[in-house]
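Spelled out, the chains give:
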Amino acid sequence: MSSTTRTLVSPLTTDDADSLVSAARRAADEQGVRIAVSVLDAGGHLLAFRRDDRAVLIAGETSTRKAFTALQLDAPTADVVDAVQPGGLFHTLPTALDRPLLFIAGGVPLHRDGRLIGAIGIGGGAPEQDHGLANAAIQEVLGG
């Protein structure tokens, strides 16, 4: 009989999610950017969402899709943009699933102790801004 050692990893909590939203919004306020923030747990369920009242309306949808994409691929959306372009390795991926994926920077997976626990997505700024704001929130709340 073989023995298996399991390391329990705390799941992403609603408190974590709320803290990520607050951290992202603080960073966005410093830059004068109006954003929407979505935080998903490891199962892809929405734990927290907030859209600044002056953010473009589509930012809410894009933030959620970016988070979902980052979660499904366990990769920042910024890292896969080129791979889904015509001629790219995964050019058919955007239409492969029932739930729409979004390959624009701003979605970042969340890890704790090396395990995937969820994802954050930010929409409303330029893609590079959204990506930077997501990483700033992660750094502040989860430490990287």
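Everything below is about the structure shown above.
Predicted model only: the values in this text are computed from it and were never measured.

Cut-off values and rules
Residues numbered from 1 in each chain as written. Predicted model: local features only at pLDDT ≥ 70, side-chain atom pairs only at ≥ 80, totals over all residues. Heavy atoms only, no water. Helix = DSSP H or I, 4+ residues; strand = E, 2+ residues; numbered from the N terminus. Contact = heavy atoms within 4.5 Å. Salt bridge = Lys/Arg side-chain N within 4 Å of Asp/Glu carboxyl O. Buried < 20%, exposed > 50% of the residue type's maximum accessible area, 1.4 Å probe, protein only. Expected span 1.5 Å × (residues − 1). Arc of directions from axis to C-beta.

**Q** Teacher, can you tell me more about the environment of Ala36 here?
**A** Structurally, the position occupied by Ala36 is in strand S1 (residues 36-41). Discounting residues that sit within four places of it in the chain, Ala36 has contacts with Phe49, Arg50, Arg51, Ala59, Gly60, Ser63, Gly121, Ile122 and Gly123.

**Q** Is there a simple way to explain the pattern of salt bridges in this structure?
**A** Scanning all chains against the criterion turns up six salt bridges. With a closest N to O distance of 2.9 Å, Asp16 and Arg112 form a salt bridge. Here Arg112 lies in strand S3 (residues 107-112) and Asp16 lies in helix H1 (residues 14-31), a separation of 96 residues in the sequence. Like Arg112, Asp16 is buried.

**Q** Help me out: how do you make sense of helix H3 (residues 127-142) in this one?
**A** Since one α-helical turn is 3.6 residues long, residues separated by three or four positions face the same way. With 16 residues, H3 should cover 22 Å at 1.5 Å per step; its first-to-last C-alpha distance of 22 Å lies within 8% of that length. Taken residue by residue, H3 has Asp130, Leu133, Ala134, Ala137 and Ile138 as its buried positions. End-on view of H3: buried residues confined to an arc of 135°, all on one side of the axis. Looking at the buried residues of H3, the elements they touch are H1, helix H2 (58-73), S3 and strand S4 (115-123). Backbone geometry just after H3 places Gly143 at a positive phi near 75°.

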